[in-house]
Amino acid sequence: MVAVAGVIRVLIADDDPLVRAGLSMIIGGAPDLTVVGEAADGDEVPDAVRACAPDVVLMDIRMSRVDGLAATSALRAAPDAPEVLVLTTFDLDQYVLRALRAGASGFLLKDTPPAEIVAAIRRVAAGEATLSPTVTRQLITHVVATGGDERRDRALGQLATLSPREREVALAVGRGCSNAEIATELFMSVATVKAYVSRLLTKLDLNNRVQIALLVHDADLA
């Protein structure tokens, strides 16, 4: 399948055919998005990604043979992996945090309004996270409730390797700020913020800005 310049290619991985059909209709109504393939279970995702070369995978968490957590972890470990948005019925799904740690760029509730689903896909394709401030607060609460001293010490050690400016950017990401908001807060251009975020990902050996946020939360600094 030939890629069209400027069009975001989406793969839908969900074991419910009605959900796949609904998402296909929503995505198909956006001029800059296109559904390039579907997977009915997590074990079908690798072949589908190779065949369709999506930019973004909408990944159901709970599938019968291979769940979205395992599929996300395997997918994001591969080179040139597409971005992953996990789908769940509940905003406090016990697997959501694990999926984000595995490299997903955020998550969507299955009852999210169509316009917000389209906007979330666009943000992820552009390298932004899809975590709203409300979701970020929920994750902080969960991390604080489940994180131990060992995880906090490890996170603090990683953040200690950063320069003062890199640390400021990391903490802003941890608060759920967008690139534009960070640029305003720290008196930088958006391009400079993007460069800092890329540097943080390389320096901390992370997949995306969500994992930067989780690291900050682990360190209890957000």
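If you're wondering where the values come from, they're calculated on a predicted model, not measured in any experiment.

Conventions used here
- Residues numbered from 1 in each chain as written.
- Predicted model: local features only at pLDDT ≥ 70, side-chain atom pairs only at ≥ 80, totals over all residues.
- Heavy atoms only, no water.
- Helix = DSSP H or I, 4+ residues; strand = E, 2+ residues; numbered from the N terminus.
- Expected span 1.5 Å × (residues − 1).
- Buried < 20%, exposed > 50% of the residue type's maximum accessible area, 1.4 Å probe, protein only.
- Arc of directions from axis to C-beta.
- Contact = heavy atoms within 4.5 Å.
- Salt bridge = Lys/Arg side-chain N within 4 Å of Asp/Glu carboxyl O.
- Pairing = 2+ DSSP bridges.
- Right-handed = clockwise from strand over helix to strand, strands pointing away.
- Polar contact = N/O pair within 3.5 Å; in protein donor to acceptor, adjacent residues only side chain to side chain.
- Axes fitted to C-alpha atoms, helices over the stretch in contact; angles between N-to-C directions.
- Core = buried A, V, L, I, M, F, W, Y, C linked by side-chain atoms within 4.5 Å.
- Parallel < 35°, antiparallel > 145°, perpendicular 65-115°, else oblique.
- Left-handed = near helix turned anticlockwise from the far one by under 90°.
- Nonpolar A, V, L, I, M, F, W, Y, C, P; charged D, E, K, R; others polar.

Caption draft 1: Layout of helix H5 (residues 114–125). Relative to the 16 Å expected for 12 residues at 1.5 Å per residue, H5 spans 17 Å between its end C-alpha atoms, a close match to the ideal helical length. Among all positions in H5, only Ile117, Val118, Ala120, Ile121 and Val124 are buried. Down the axis, H5 shows its buried residues gathered within 160 degrees of arc, on one side only. Elements in contact with the buried residues of H5: strand S1 (8–13), helix H1 (17–28), strand S2 (33–39), strand S3 (56–60), strand S4 (83–88) and strand S5 (107–109). Of the residues trailing H5, glycine 127 is marked for its positive phi of about 90 degrees.

Caption draft 2: Broad picture of the pattern of salt bridges. In total, this model carries 12 salt bridges according to the counting rule given. Salt-bridge contacts for arginine 20 lead to glutamate 38; the nearest nitrogen and oxygen are separated by 3.0 Å. In this pair, arginine 20 is assigned in helix H1 and glutamate 38 in strand S2, connecting sequence segments 18 residues apart. Accessibility expressed as a relative area gives 14% for arginine 20, which makes it buried. Relative accessible area serves as the criterion here: at 41%, glutamate 38 is assigned to the partly exposed category.

Caption draft 3: Representation of the pairing of S1 in the model. Burial within S1 is extensive, with six of its six residues counted as buried. Both faces of S1 are covered, namely the face carrying Ile8, Val10 and Ile12 and the face carrying Arg9, Leu11 and Ala13. Bridge analysis of S1 against S2 gives six bridges, and the strand direction is parallel. Opposite isoleucine 8, over in S2, you have leucine 33 as the bridge partner. In this region the chain leaves S1, passes through H1 and returns to the parallel neighbour S2; the handedness of that crossover is right-handed. Bridge analysis of S1 against S3 gives four bridges, and the strand direction is parallel. Within the sheet, the bridge partner assigned to alanine 13 lies in S3 and is methionine 59.

Caption draft 4: Layout of the side chain of asparagine 179. Examined against the element boundaries, asparagine 179 turns out to sit in helix H9 (residues 179–186). Judged by relative accessible area, asparagine 179 falls into the buried class, the value being 6%. Side-chain polar atoms of asparagine 179 contact the side chain of arginine 209, separated by 2.8 Å. Residues within four places of asparagine 179 in sequence aside, it is in contact with Glu128, Val190, Val193, Lys194, Val197 and Arg209.

Caption draft 5: Spatial organisation of the sheet that holds S4. Taken in spatial order, the five strands make up an open sheet running S2-S1-S3-S4-S5, and their pairing is parallel. Where the open sheet ends on each side, the last strands, each with one partner, are S2 and S5. Strand-to-strand twist of the sheet, defined as the mean angle between neighbouring strand axes without regard to direction, takes the value 25 degrees. Across five bridges, the pairing between S3 and S4 is parallel. Across the sheet, valine 57 pairs through a bridge with valine 84, a residue of S4.

Caption draft 6: Quick look at the environment of threonine 72. With respect to the helices, strands and loops of the structure, threonine 72 is situated in helix H3 (residues 68–76). Exposure remark for threonine 72: the relative accessible area of 0% places this residue in the buried category. Those residues in contact with threonine 72, other than ones at most four positions away along the chain, are Met59, Val84, Val86, Ala99, Ala102, Gly103 and Ala104.

Caption draft 7: Quick look at the nonpolar core. Among the nonpolar cores identified, the biggest contains 24 residues, and Val45, Val57, Met59, Leu75, Val84, Val86 and Leu100 are the most heavily contacted of them. Only S1, helix H2 (45–52), S3, H3, S4, helix H4 (96–101) and helix H11 (209–218) provide two or more residues apiece to this core. When residues no more than four places from it in sequence are discounted, the contact partners of valine 84 are Val57, Met59, Thr72, Leu75, Arg76, Ala104, Ser105 and Gly106. Counting residues in hydrophobic clusters, the runner-up holds 23 residues, among them Val169, Leu200, Ile212 and Ala213.

Caption draft 8: Expanded view of the packing of helix H10 (residues 190–204) against H11. Contact pair H10 / H11: the axes reach a minimum separation of 10 Å and the direction vectors enclose 65 degrees. Between H10 and H11, the angle falls in the class roughly perpendicular. By crossing handedness, the relation of H10 to H11 is classed as left-handed. Here H10 contributes Val197, Leu200, Leu201 and Leu204 to the contact with H11, which in turn contributes Arg209, Ile212 and Leu215. Here the contact of H10 with H11 is built from residues that sort into six nonpolar, no polar and one charged.

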